[in-house]
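# Commentary on secondary and tertiary structure
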Amino acid sequence: MKSLIATSIAVLICAASFAQAGPGHQRTHIRNHSRVNQVNGRIDNQEKRITEERKEGDLTKGQAKQDRKNLSTVNQEKKDMRKMDKGHLTKADKKALNQQLNTNSKKIGQ
């Protein structure tokens, strides 16, 4: 029972850190910025997958933590790229982030 409560709290904290507004729109102040919104949508989707697989027991606590750390790294890199381009992502930035997200996606649930 204690581990279920602890897991629930951890999931809520992680979900709250990613869900600041609607899916795919929470991390940009630029309306309809397609590249940023696309990358944000993928990050949100992977976070949901990690949460679901952790609930189902397909991921261990350590695996889920590592997968979330990878997502956090990608998200920080996105923020740094946006700072360099006045809030925008270039096509090259989007490509690099999507490659990292592809790698991370394959690792989720392994």
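The model shown is predicted, which means the values in this text are computed figures rather than measured ones. (Residues numbered from 1 in each chain as written. Predicted model: local features only at pLDDT ≥ 70, side-chain atom pairs only at ≥ 80, totals over all residues. Heavy atoms only, no water.)

## Topic: the confidence of the model for the protein chain
Summary statistics for the protein chain give a mean pLDDT of 80 and a share of 69% for residues scoring 70 or more. Segment residues 18-28 is flagged for pLDDT under 50; beyond a separation of four residues in sequence, or across chains, it makes 27 contacts in the model. (pLDDT = per-residue confidence, 0-100. Contact = heavy atoms within 4.5 Å.)

## Focus: the nonpolar core
One finds Val39, Ile43, Ile50, Leu89, Leu97 and Leu101 to be the most contacted residues of the largest nonpolar core, which totals 13 residues. Elements with a minimum of two residues in this core: α2 (34-56), α3 (61-84) and α4 (91-107). Apart from the residues within four sequence positions on either side, Leu101 is in contact with Val39, Arg42, Ile43, Gln46, Leu71 and Val74. (Core = buried A, V, L, I, M, F, W, Y, C linked by side-chain atoms within 4.5 Å. Buried < 20%, exposed > 50% of the residue type's maximum accessible area, 1.4 Å probe, protein only. Helix = DSSP H or I, 4+ residues; strand = E, 2+ residues; numbered from the N terminus.)

## Digging into the packing of α2 against α3
Packing of α2 against α3 leaves a shortest axis separation of 10 Å and a crossing angle of 170 degrees. As the angle between them shows, α2 and α3 are arranged roughly antiparallel. On α3, the residues that touch Val36, Val39, Asn40, Ile43, Gln46, Glu47, Ile50, Thr51 and Arg54 of α2 are Lys61, Ala64, Asp67, Arg68, Leu71, Val74, Asn75, Lys78 and Arg82. Here the contact of α2 with α3 is composed, by residue class, of seven nonpolar, four polar and seven charged. (Axes fitted to C-alpha atoms, helices over the stretch in contact; angles between N-to-C directions. Parallel < 35°, antiparallel > 145°, perpendicular 65-115°, else oblique. Nonpolar A, V, L, I, M, F, W, Y, C, P; charged D, E, K, R; others polar.)

## Some words on the packing of α2 against α4
The contact between α2 and α4 brings their axes to 10 Å, and the two run at 10 degrees. Between α2 and α4, the angle falls in the class roughly parallel. Residues Arg35, Gln38, Val39, Arg42, Ile43, Gln46 and Arg49 of α2 pack against Lys91, Lys94, Leu97, Asn98, Leu101, Asn102, Asn104 and Ser105 of α4. For the contact of α2 with α4, the per-class residue count stands at four nonpolar, six polar and five charged.

## Let's talk about α4
With 17 residues, α4 should reach 24 Å at 1.5 Å per residue; the first-to-last C-alpha distance of 25 Å fits that figure. Considered for burial, the residues of α4 that qualify are Asp93, Leu97, Asn98, Leu101 and Asn104. The buried residues of α4 all sit within an arc of 120 degrees when viewed along its axis, so they share a single face. The exposed residues of α4 that point more than 90 degrees off its buried face are Lys91, Ala92, Lys95 and Lys106. (Expected span 1.5 Å × (residues − 1). Arc of directions from axis to C-beta.)

## Some details on the environment of Gln46
Along the chain, Gln46 turns up in helix α2. With 25 residues separating them in the primary sequence, Gln46 and Leu71 have C-alpha atoms 8.0 Å apart. Every residue in contact with Gln46, bar those within four places of it in the chain, is listed here: Leu71, Leu101, Asn104, Ser105 and Ile108.

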